[in-house]
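Descriptive analysis of the structure
Here are the chains, one letter per residue:
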Amino acid sequence: MIEPRIKEALKGRVMAGEIVPEIDGKSVNVFGWVHEVRDLGKLVFVVVRDVSGMCQVVFRMDELDESVRDVVRKLSSESVIFVKGTVVKQPKSRLGVELVAESVEILGKSVPRLEYDPTGKVQASMDVRLKHRILDLRRPEVKNVFIIGNHVLKALRDFFYQRGFVEVRTPKIIASATEGGAELFEIKYFDKQAFLAQSPQLYKEQLTTVFEKVFEIGPFFRAEESHTRRHISEFTSVDIEQAFSDMDDVMEVLEEAVAHVHRVLLDKCGKQLKELGVNLRVPKTPFPRITYDQALEILRQEGENIKWGEDFSTPHLRKLGKKFTSYYYITHFPTEIKPFYIQEKAENPALSESFDLMFQWLELASGGTRVSDHDVLIRKLVQKGLDPKMFEDHVKVFRYGMPVHAGWGLGFERFLMVLTRRTNIRETVLFPRDRFRLTP
RNA sequence: GCCCAGGUGGUAUAGCCAGGUUAGCAUCGCCGGCUGUCGCCCGGCGGACCCGGGUUCAAAUCCCGGCCUGGGCGCCA
């Protein structure tokens, strides 16, 4: 429990970010972490940081008791302190205001010489930052990414609820690794073998026959050997699936969701965006759409030698990203390079009713109209070299009345990278898991 | 999985190519000084060559292997 004395003081707590010139003369209690100490001898400046921001505390050593002076001399970076003092308008201070301290207590001592300096005076490598992630996260710039991410999640949920989607949670532990595509993590499930889910794809399709419109925001796992700035082993997928819909319907949902998030961020996260140096603009909808064939043509004019039917390589996408500098769709990929559950175009089965949402060269989302006919699904499984028997739990749902449906999956962290202009996906995950990183 | 680059005090780096220096600088920690700092400043002190093998009179430096890290590709979100 908290000491009654401290509990009482917490009632009068004023957040660091609320220490402004307008409350000049007010007596306040501030609780937070020592961000920085500048000791001038008889004058000691301490920058205190809490979740709201930072404020400067000044200790006039001559005017304080010896007992208080002792505590001030012992302050170490990142210790948790409780400062009692008076707010004073102070033009000499950069913030225009400071807290003249009357007393200070150390509530949680930090060790001297931290493994990593949260003030950022000395650059740290990504590896060091992630090894001491909690200290790294205390940096305002780093923290802001997650404050923004938090608002993105809420904005997406609000958007989906408003449009009548039901939020679902599908299993993350699955029995078979047969969906194809990504490598899965194998786990021990009592005496059985199991896998960590790579996506909610099959479950969300099934659930459209119950809720019609579903969405899920959850963690998924890929055991890929990827070693790039845009891959992690555990990521968050924003997935939707809706009945009585085709790709055009869900592309509209996606671009409106993206635009909505921009509007919410401009409204709620102006401070964070500014501190990150991000100048966000709401993208115009509908987003530009180019077909696979058109993208191919553009790349060929650039001198790329790509055969029809090939997927675009990363260098190809980088080239394309120079022409399309914001969000855009690439649609109607060859059926051959899309999963079994994607619907073929009726008039040309070599093409599929599929799309990717791109931001410049980065693939953010992928979706399409799904196969809804039982026999077509079986045929496509076989064509992909998969055994329909392994999919019986899924396939049988297609015998119970399956409407035409469509959906997409959006990589949340990649989206957050775009929104916060981070160039490494690890910047957008609190505790990232990649090929070589399992801790902290 | 393949390819490239890199591991020097707690952190970030110089030195390495052309082998021999008390291994330099900054930050950090400790001590001292400073009443207006805000990347405070000034003085002092402390702390490092990833591991193993080889070449050599001599290896942080050259060679081989390992481990670790960053990035690119493939694949994907």
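Look up: the structure comes first, before these words.
A brief report on the enclosed structure follows. The model shown is predicted, which means the values in this text are computed figures rather than measured ones. (Residues numbered from 1 in each chain as written. Chains lettered and ligands numbered in written order. Predicted model: local features only at pLDDT ≥ 70, side-chain atom pairs only at ≥ 80, totals over all residues. Heavy atoms only, no water.)

**What to know about the sheet that holds strand S11 (residues 234–243)**
- One open sheet holds the eight strands; their spatial order is S6-S10-S11-S16-S15-S14-S13-S12, and the pairing between them is mixed. Of all the strands in the sheet, just strand S6 (166–167) and strand S12 (289–291) have a single pairing partner and so form its edges.
- Relative to strand S15 (residues 362–369), strand S14 (residues 354–359) is paired through six bridges, and the arrangement is antiparallel. Paired with aspartate 356 across the bridge in S15 is serine 366.
- In the packing of helix H5 (residues 140–162) onto the sheet, contacts are made with S6, strand S10 (213–221), S11 and strand S16 (405–411), and the angle to S10 comes to roughly 150 degrees. (Pairing = 2+ DSSP bridges. Helix = DSSP H or I, 4+ residues; strand = E, 2+ residues; numbered from the N terminus. Contact = heavy atoms within 4.5 Å. Axes fitted to C-alpha atoms, helices over the stretch in contact; angles between N-to-C directions.)

**Regarding the pairing of strand S3 (residues 53–60)**
- Counting buried positions along S3 yields six of eight residues, so the element is predominantly enclosed.
- Note that strand S2 (residues 43–50) and S3 share eight bridges and pair antiparallel. The residue of S3 that forms the bridge with valine 46 is valine 57.
- The hairpin turn running from S2 into S3, its antiparallel successor, is two residues long.
- Sheet topology note: the S3/strand S5 (residues 97–108) ladder contains two bridges and is parallel. Among the inter-strand pairings, valine 57 is bridged to a residue of S5, identified as leucine 99. (Buried < 20%, exposed > 50% of the residue type's maximum accessible area, 1.4 Å probe, protein only.)

**Examining the packing of aromatic side chains**
- Inspection of every chain in the model, using the stated rule, returns 18 aromatic pairs.
- An angle of 45 degrees between the planes, with centres 6.2 Å apart, marks the rings of phenylalanine 160 and tryptophan 408 as tilted. With phenylalanine 160 in helix H5 and tryptophan 408 in strand S16, this pair connects stretches of sequence that are 248 residues apart.
- Relative accessible area serves as the criterion here: at 0%, phenylalanine 160 is assigned to the buried category.
- Accessibility expressed as a relative area gives 0% for tryptophan 408, which makes it buried.
- With 4.5 Å between their ring centres and 25 degrees between their planes, phenylalanine 324 and tyrosine 328 make a pair best called stacked.
- Linked through ring pairs, Phe159, Phe160, Tyr161, Phe165, Phe215 and Trp408 together constitute an aromatic cluster.
- Here the guanidinium or amino end of arginine 318 rests over the ring plane of tryptophan 361, the centre of that ring lying 4.0 Å away.
- Geometry around phenylalanine 333 places lysine 338 over its ring, the cationic atom sitting 4.5 Å from the centre. (Phe/Tyr/Trp six-rings, centres within 6.5 Å; stacked < 30°, edge-to-face > 60°. Lys NZ or Arg CZ within 6 Å of the ring centre and 35° of its normal.)

**A closer look at the sheet that holds strand S8 (residues 186–189)**
- The three strands are arranged S7-S9-S8 in an open sheet whose pairing can be described as antiparallel. Edge positions in the open sheet fall to strand S7 (173–174) and S8, since each of these has one partner strand only.
- Sheet topology places S7 next to strand S9 (residues 192–196); two bridges connect them, and they run antiparallel. When the sheet's bridge partners are listed, isoleucine 173 is paired in S9 with leucine 196.

**Observations regarding unusual backbone geometry**
- Cis geometry is adopted by the peptide bond preceding proline 286, which originates at threonine 285 and carries an omega value of -5 degrees.
- Mapping proline 286 onto the fold places it in the loop between helix H8 (270–276) and S12.
- Residue threonine 439 is joined to proline 440 through a cis peptide bond whose omega torsion reads -5 degrees.
- For proline 440, the position within the fold is in the segment after helix H13 (412–420).
- Positive phi, normally seen in glycine, also occurs at phenylalanine 190, with a value near 55 degrees.
- Mapped onto the fold, phenylalanine 190 is located in the loop between S8 and S9.
- For phenylalanine 190, a relative accessible area of 69% translates into the label exposed.
- Phi angles above zero are rare outside glycine, and arginine 421 is one such case at about 55 degrees.
- Looking at arginine 421, the relative accessible area reads 41%, which means it is partly exposed.

**A look at the layout of surface pockets**
- In this model, the second largest pocket occupies a volume close to 400 Å³.
- Looking at the lining of the second largest pocket, the elements that each hand over two or more residues are S7, helix H6 (201–211) and helix H12 (392–395).
- Top element by residues in the lining of the second largest pocket is H6. It accounts for four residues.
- Grouping the constituent residues of the lining of the second largest pocket by class yields 11 nonpolar, seven polar and three charged. (1 Å grid on protein atoms, 1.4 Å probe; cavity = no way out; pocket = protein on both sides within 12 Å on 5 of 7 lines; lining within 4 Å. Points joined across faces, edges and corners; volume = space filled by probe spheres on them. Nonpolar A, V, L, I, M, F, W, Y, C, P; charged D, E, K, R; others polar.)

**So, the packing of H5 against H13**
- For the pair H5 and H13, the least separation of the axes is 10 Å and the interaxial angle reads 120 degrees. When the axis of H5 is compared with that of H13, the two are oblique. Crossing geometry of H5 relative to H13 is assigned as right-handed. Contacts between H5 and H13 pair Val145, Ile148, Gly149, Val152 and Leu153 from the former with Phe412, Phe415, Leu416, Leu419 and Thr420 from the latter.
- Taken together, the residues that form the contact of H5 with H13 break down as eight nonpolar, two polar and no charged. (Parallel < 35°, antiparallel > 145°, perpendicular 65-115°, else oblique. Left-handed = near helix turned anticlockwise from the far one by under 90°.)

**Some thoughts on the pattern of salt bridges**
- Scanning all chains against the criterion turns up 39 salt bridges.
- Arginine 437 serves as the salt-bridge partner of aspartate 127, at 3.2 Å between the closest nitrogen and oxygen. Within this pair, whereas aspartate 127 is found in helix H3 (residues 126–131), its partner arginine 437 is found in the segment after H13, the two being separated by 310 residues in sequence.
- Several salt bridges share partner residues, and in doing so they unite Arg129, Arg133, Asp136, Arg139, Glu141, Arg422 and Glu427 into one network. (Salt bridge = Lys/Arg side-chain N within 4 Å of Asp/Glu carboxyl O.)

**Focus on helix H10 (residues 314–323)**
- Buried within H10 are the following residues: His316, Leu317, Leu320 and Gly321. Seen along its axis, H10 keeps its buried residues to an arc of 140 degrees; they face one direction. Across H10 from its buried face, at more than 90 degrees, point the exposed residues Pro315 and Lys322. (Arc of directions from axis to C-beta.)

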